Amino acid sequence: MFLNPHLNYKHFISNSSKISENIKNRNVKDANIELVNSLYTTFCNLTTQINSKRNKRNETTKLIKQTKLEELREKLVEQARILKEEIQKAELELEKVEKEMIQEGLKIPNDTHHEVIVGREELAKVIKIVGVPLDSTQKGGNIIKDHMTIARELDLIDLESASNVTGTSWYYLRNAGALLELALIQYAIYKVISKGYIPIITPDVVKTEYSDGCGFQPRDGEISQNYFVITSPIGSVETGNNQEISFTLTGTAEIPLAGIYSNKIIPSSKLPIRMVGFGRAFRAEAGSRGQDTKGLYRVHQFSKVEMFCLTSPEESEEMLKEIVNIQEEIVKDLGLCFRILDMPTYELGASAYRKYDMEAWMPGRGKWGEISSASNCTDYQSRRLNIRYKPSLSSSNESTNDRVKQKQQSTEFVHTLNGTAIAVPRMIIAILENFQRDDGKISIPEVLRKWMGGMEFIE
Amino acid sequence: MFSSYRGFIIRQRFYLSLGVSPSIRGFTFHQGFHLSSFTGFSFRLSPFTKIVSSNKYNLKNYTTSSTNSTSSISNNSDNSISSEKHQTSNPSKFMFLNPHLNYKHFISNSSKISENIKNRNVKDANIELVNSLYTTFCNLTTQINSKRNKRNETTKLIKQTKLEELREKLVEQARILKEEIQKAELELEKVEKEMIQEGLKIPNDTHHEVIVGGEELAKVVKIVGVPLDSTQKGGNIIKDHMTIARELDLIDLESASNVTGTSWYYLRNAGALLELALIQYAIYKVISKGYIPIITPDVVKTEYSDGCGFQPRDGEVSQNYFVITSPIGSVGTGNNQEISFTLTGTAEIPLAGIYSNKVIPSSKLPIRMVGFGRAFRAEAGSRGQDTKGLYRVHQFSKVEMFCLTSPEESEEMLKEIVNIQEEIVKDLGLCFRILDMPTYELGASAYRKYDMEAWMPGRGKWGEISSASNCTDYQSRRLNIRYKPSLSSSNESTNDRVKQKQQSTEFVHTLNGTAIAVPRMIIAILENFQRDDGKISIPEVLRKWMGGMEFIE
């Protein structure tokens, strides 16, 4: 109801086979580029027809006014009436076609960077490893405990109470666990604002459209990862009757951040825009039962600090690198061992043109665990949320044609990018497991101590 | 008698698992924006709560009532309790909690309670009805027990009798008794259900020092500092928080009204950093007083919210937002999801939930917790009332103190909580006052309540920034939070020793108090510490939590 996607149909038409291949490469089942293009062609034809009929009708109306001959006049009036009917009929048809065209068009995933490997998660390319993975040999043979064992011993996490009060995979953070969350959030935010990002605390409830517009819509046959918010209890008379707008608990601060610039035109002098948002992430994790649901690894609510940027198309590739660099710094300064992966096509999701994941070594789990990710969504989100910019006036070519174009000041769609600064639970796992000591204490990373009142150990 | 009553309830529960129809809840709407809890609620007996009778509590550990169910908000296909037998369309079903109201207290103090209900301006509570239902309940129980005894005796006789004719008579007697028992049990079930439903509407008792009446009668207990006005600023205009926020780009209401709706907001720049600093400041201040910090989930089963007193009264609209896992209008809505979930109105609720259905050794009391979470409030019916800016919003961050004490300690604990609140606000350099709230403002759960208001010069009036309530056993009876009084006793008579061996449990008292409600505090800080050059002085105590920042500019 509030958003009006502007898909790039011309691009679809001109690159049909490439896009078709892209859809296959990304393993997307429900997208059909041929259908979209055929609908678009029909749309264009109908539009042309309607326009020509309208012109004809206008001319006829003019003639009617001019004609004095009664007989001729009657004929013209009849013509005009017939044209009016035809136009109305065609408009209804157009509305139908347009609706289906948009619906099918939205399923087309973003294009893919040419360097991205085609295939599944296992084909992710390790670009960089920082640090050395901790294992038991380094600990002189001492047992490396997993985060839940540590948490139980130090009373840091309570899953049991939360499973009564809410359900499984919800949790309370206690004692130093709670203080650690707050410290991580502060640390990440201040680190990122030192790079010129504007800190923003975002609402945790958004209109579902905005979530969909960012690419968080489930595919055909899949269950939504969203939690929805209603104002009447389920089963009451009002549910579904009074409430026509659908609301969602945000899956990430990216969504309300993107929403700020929805339906706006940004002067290009203001680009790039860099924001670091803080909010909760709520994930239903439907279908994830049994997969790593132990402890904090996969939970339904967590705190997350997220970077979100708007750039001109030319600047997005560079911005992605900048985001990844900041992520590196955040994790490196905590003293963790991590690696960066260039993700293959199956892992890109609908919106990402290119995506890098970061995984920290989690010795208690005995494997790498994803702690952040960074995506360049090019114009996928901006076309759906209608975020545009006005390219600058100055241009090297001063011909008359260009000056006319500049006067019109047509707008372009920005590119959007996002990257996790801190996802708290995964970071807690990494810290507890990596910095555990033989005496049972946990060393708090140096950079966090000022945010924890100077605390050095968790004990 | 109380413990035998409880034992009876437990036996009854198994009969009640069949075809229990939903309870009707009373609804109340509490006007105005209060940080405290309000209203009563109702429950339905749950077949799933393994509350055991007083004789069986484990001495050493906390006794947990596990819920048996695997239902959770975590998975679409797993939303229903596996052994759920009743399908109801009732919105907020109580499946996990089992209220233990103090009917004896109701009976013995009927007129006092009746007066209390009037004093608190509660419309839908009827103590006479509750007491009459309780009397009926007791009578039925007695009848059923006596018929059962009779039936047992009859069964014994049947075994002993060899005479065929006598035997047949006895068998017939037994059969008739069985029918009568079943009939009476159904009747009992009905009566019990209504008794609980009506009983839950009875508000908490009131401290004798509390003034009877409306908000205007609140008693100012203390004022700290001097309210700032334009004369002190040398005639310079005092800006309200929204003007300041606009000039310094601290708050964005407009984008939020597009993305979500009115009275939602983004905090930007120093506004965002201020929120984080306030939270850290409050938490570290409170943990220095011995409170355990806990970050709480923002979604809870609605029962727990109701159990804390957050249920609307008859005819009023709920202040809750509810959470579902399928979009509205889809096939899944209401069908798959039988448990109602809520976005918490305060961290008090999940904190209280930690100890629900637990028995705490008295050596562990008092328990002091400081929770941090979001508060979501629909604020239905508040349209137009102070909805400008940050004063009344739908989501905000809140740090909340929550304590469990023995009954004797709660009055002292309330004072401790208020003292901590004073220190929090005073150290920020704000001018504030403490009010002893009158009966109309207590809500259903509070026995006594103090509100704290900060002077907000931009608004030109006092604005509530925190509140502290002693809920005595109102919440603990609904959430079933008990403690075991200690073994040591001065009286060593044989009777007492026997009693101690039984180790009956008591209900704890619960208390809550706001440590920081971020938006109101932001208003107070922006309006009080504005300077003529347009900057805002950041309170000294917050600077270390803002990377040393001294001014917002």
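It should be emphasised that the depicted structure is a prediction, and the values quoted were computed from it without experimental measurement.

The rules behind these values
- Residues numbered from 1 in each chain as written.
- Chains lettered and ligands numbered in written order.
- Predicted model: local features only at pLDDT ≥ 70, side-chain atom pairs only at ≥ 80, totals over all residues.
- Heavy atoms only, no water.
- Helix = DSSP H or I, 4+ residues; strand = E, 2+ residues; numbered from the N terminus.
- Contact = heavy atoms within 4.5 Å.
- Lys, Arg positive; Asp, Glu negative; His and termini not counted.
- Charge placed at Lys NZ, Arg CZ, Asp CG, Glu CD.
- Expected span 1.5 Å × (residues − 1).
- Buried < 20%, exposed > 50% of the residue type's maximum accessible area, 1.4 Å probe, protein only.
- Salt bridge = Lys/Arg side-chain N within 4 Å of Asp/Glu carboxyl O.
- pLDDT = per-residue confidence, 0-100.
- Phe/Tyr/Trp six-rings, centres within 6.5 Å; stacked < 30°, edge-to-face > 60°.
- Lys NZ or Arg CZ within 6 Å of the ring centre and 35° of its normal.
- UniProt positions renumbered as here; feature names shortened; annotations may be inferred.
- Polar contact = N/O pair within 3.5 Å; in protein donor to acceptor, adjacent residues only side chain to side chain.
- Nonpolar A, V, L, I, M, F, W, Y, C, P; charged D, E, K, R; others polar.
- Pairing = 2+ DSSP bridges.
- Core = buried A, V, L, I, M, F, W, Y, C linked by side-chain atoms within 4.5 Å.

Caption draft 1: Molecular detail of the overall build of chain A. A tally of helices and strands in chain A yields 14 helices and 18 strands. Projected onto its principal axes, the C-alpha positions of chain A cover 105 × 65 × 40 Å. Taking the contacts inside chain A whose residues are at least 6 apart along the sequence as the reference set, 75% of them involve residues at least 24 apart. Once the 59 positive and 61 negative side-chain charges of chain A are each reduced to a mean point, those two points are 4 Å apart.

Caption draft 2: Seen up close, helix H7 (residues 176–193) of chain A. Taking 1.5 Å of rise per residue, the 18 residues of H7 of chain A would be expected to cover 26 Å, and the 25 Å separating its terminal C-alpha atoms lies within 8% of that figure. Judged by how many residues are buried, H7 of chain A sits mostly within the fold: 17 of 18 residues are covered.

Caption draft 3: Just the pattern of salt bridges, in detail. If you walk through the whole model with that rule in mind, you get 46 salt bridges over all chains. Note that Glu247 of chain B and Lys239 of chain B form a salt bridge whose closest N and O atoms lie 3.0 Å from each other. Given a relative accessible area of 48%, Glu247 of chain B falls into the partly exposed group. By relative accessible area, which is 25% here, Lys239 of chain B ends up partly exposed. The salt bridge partner of Lys535 of chain B is Glu553 of chain B, with a shortest N-O separation of 3.5 Å. With a gap of 18 residues between them, Lys535 of chain B in the loop between helix H14 (518–528) and strand E17 (536–537) and Glu553 of chain B in the segment after strand E18 (551–552) connect regions that are remote in the sequence. On the basis of relative accessibility, which here comes to 24%, the residue Lys535 of chain B falls in the partly exposed class. Judged by relative accessible area, which is 63%, Glu553 of chain B ranks as exposed. Through salt bridges with shared partners, a single network forms among Lys191, Lys195, Glu329 and Asp333 of chain A.

Caption draft 4: Region of interest: the confidence of the model for chain B. Residues and elements named next belong to chain B. Per-residue confidence for chain B gives a mean pLDDT of 81, with 75% of residues at or over 70. Predicted confidence is poor over residues 1–93, with pLDDT under 50, and the contacts of this stretch with residues over four places away or in other chains come to 309 contacts. Below pLDDT 50 for its whole length, residues 331–336 participates in 10 contacts with residues either more than four positions away or in separate chains. Our summary of model confidence lists the complex with pTM equal to 0.86 and ipTM equal to 0.92.

Caption draft 5: Local environment of unusual backbone geometry. Here the residue pair Leu271 of chain A and Pro272 of chain A is connected by a cis peptide bond, since its omega of -5 degrees sits within 30 degrees of zero. Locating Pro272 of chain A in the fold gives a position in the loop between strand E8 (264–267) and strand E9 (273–282). For the bond running from Leu365 of chain B to Pro366 of chain B, omega is -5 degrees, close enough to zero to count as cis. Position of Pro366 of chain B relative to the elements: it lies in the loop between strand E8 (358–361) and strand E9 (367–376). The backbone phi angle of Asn175 of chain A is positive, close to 50 degrees, even though this residue is not glycine.

Caption draft 6: Looking closely at the packing of aromatic side chains. Applying the stated criterion to the full structure yields 10 aromatic pairs over all chains. When the ring of Tyr190 of chain A is compared with that of Trp451 of chain A, the centres are 4.8 Å apart and the planes differ by 35 degrees; the resulting orientation is tilted. Taken as a pair, Tyr190 of chain A in helix H7 and Trp451 of chain A in the loop between helix H14 (446–449) and strand E18 (457–458) lie far apart in primary sequence, 261 residues in all. The same class applies to Tyr190 of chain A as to Trp451 of chain A, namely buried. Pairing Trp264 of chain B with Tyr321 of chain B gives two aromatic rings, centres 6.0 Å apart and planes at 40 degrees, and the pair type is tilted. Linking Trp264 of chain B in the loop between helix H7 (254–259) and strand E3 (266–268) with Tyr321 of chain B in strand E6 (residues 321–324), this pair joins segments that are 57 residues apart in sequence. Take Trp264 of chain B: its relative accessible area is 5%, and that puts it in the buried class. Counting every residue linked through ring pairs, the aromatic cluster contains Tyr9, Phe12 and Tyr40 of chain A. The ring of Tyr380 of chain A carries Arg384 of chain A above its face, with NZ or CZ at 3.5 Å from the centroid. Above the face of the Tyr297 of chain A ring, Arg426 of chain A is positioned so that its terminal group lies 3.5 Å from the ring centre.

Caption draft 7: Region of the structure containing the UniProt feature "coiled-coil region" (unreviewed entry) in chain B. Within this numbering scheme, the UniProt entry marks residues 160–201 of chain B as carrying the feature "coiled-coil region" (unreviewed entry). With 88% helix and 0% strand, residues 160–201 of chain B has its two end C-alpha atoms placed 51 Å apart.

Caption draft 8: A look at the interface of chain B and chain A. Contacts between chain B and chain A engage 70 residues on the former and 70 residues on the latter. The interface formed by chain B and chain A holds 18 residue pairs in polar contact (both at pLDDT 80 or more) in total. Per-element accounting of the side of chain B that touches chain A gives the leading share, 10 residues, to helix H8 (residues 270–287) of chain B. Grouping the amino acids of the side of chain B that touches chain A by side-chain chemistry returns 38 nonpolar, 23 polar and nine charged. Note: strand E4 (residues 198–201) of chain A against E3 of chain B, two bridges, orientation antiparallel. When the bridges of E3 of chain B are listed, Ile200 of chain A appears paired with Arg268 of chain B.

Caption draft 9: Up close: helix H2 (residues 16–25) of chain A. Residues and elements named next belong to chain A. Within the span of H2, buried status applies to Ile19, Ser20, Asn22, Ile23 and Asn25. Along its buried surface, H2 packs onto helix H1 (9–14) and helix H3 (33–66). Two residues or fewer past H2, Asn27 is found with a positive phi of approximately 60 degrees.

Caption draft 10: Representation of the UniProt feature "coiled-coil region" (unreviewed entry) in chain A. When the UniProt feature table is mapped to this numbering, "coiled-coil region" (unreviewed entry) covers residues 66–107 of chain A. For residues 66–107 of chain A, helix accounts for 88% and strand for 0%, while the C-alpha atoms at its two ends are 51 Å apart.

Caption draft 11: Representation of the nonpolar core. Within the largest apolar cluster, 138 residues are counted, with the highest numbers of intra-cluster contacts made by Leu184 of chain A together with Leu278 of chain B. What Leu278 of chain B contacts, discounting residues up to four positions off in sequence, is Leu428, Ile516, Val518, Met521, Ile522, Ile525 and Leu542 of chain B. Formed by 65 residues, the second largest nonpolar core is a distinct cluster that contains Ala258, Ile266 and Ile387 of chain A together with Ala352 of chain B.

Caption draft 12: The arrangement of the sheet that holds strand E4 (residues 292–295) of chain B in detail. Taken together, 10 strands build an open sheet; the order of strands is E2(A)-E3(A)-E4(B)-E9(B)-E10(B)-E16(B)-E13(B)-E12(B)-E11(B)-E1(B) and the sheet is mixed. What marks the edges here is a single partner per strand, and that holds for strand E2 (157–158) of chain A together with strand E1 (219–224) of chain B.

Caption draft 13: The pairing of strand E16 (residues 509–517) of chain B, seen in detail. Residues and elements named next belong to chain B. Of all nine residues making up E16, nine are buried, and the element is well covered by its neighbours. Pairing of strand E10 (residues 395–405) with E16, which is carried by eight bridges, proceeds in the antiparallel orientation. Paired with Val399 across the strands is Ile516, a residue of E16. Note: strand E13 (residues 461–470) against E16, three bridges, orientation antiparallel. Looking at E16, one finds that Asn470 is bridged to Leu511.

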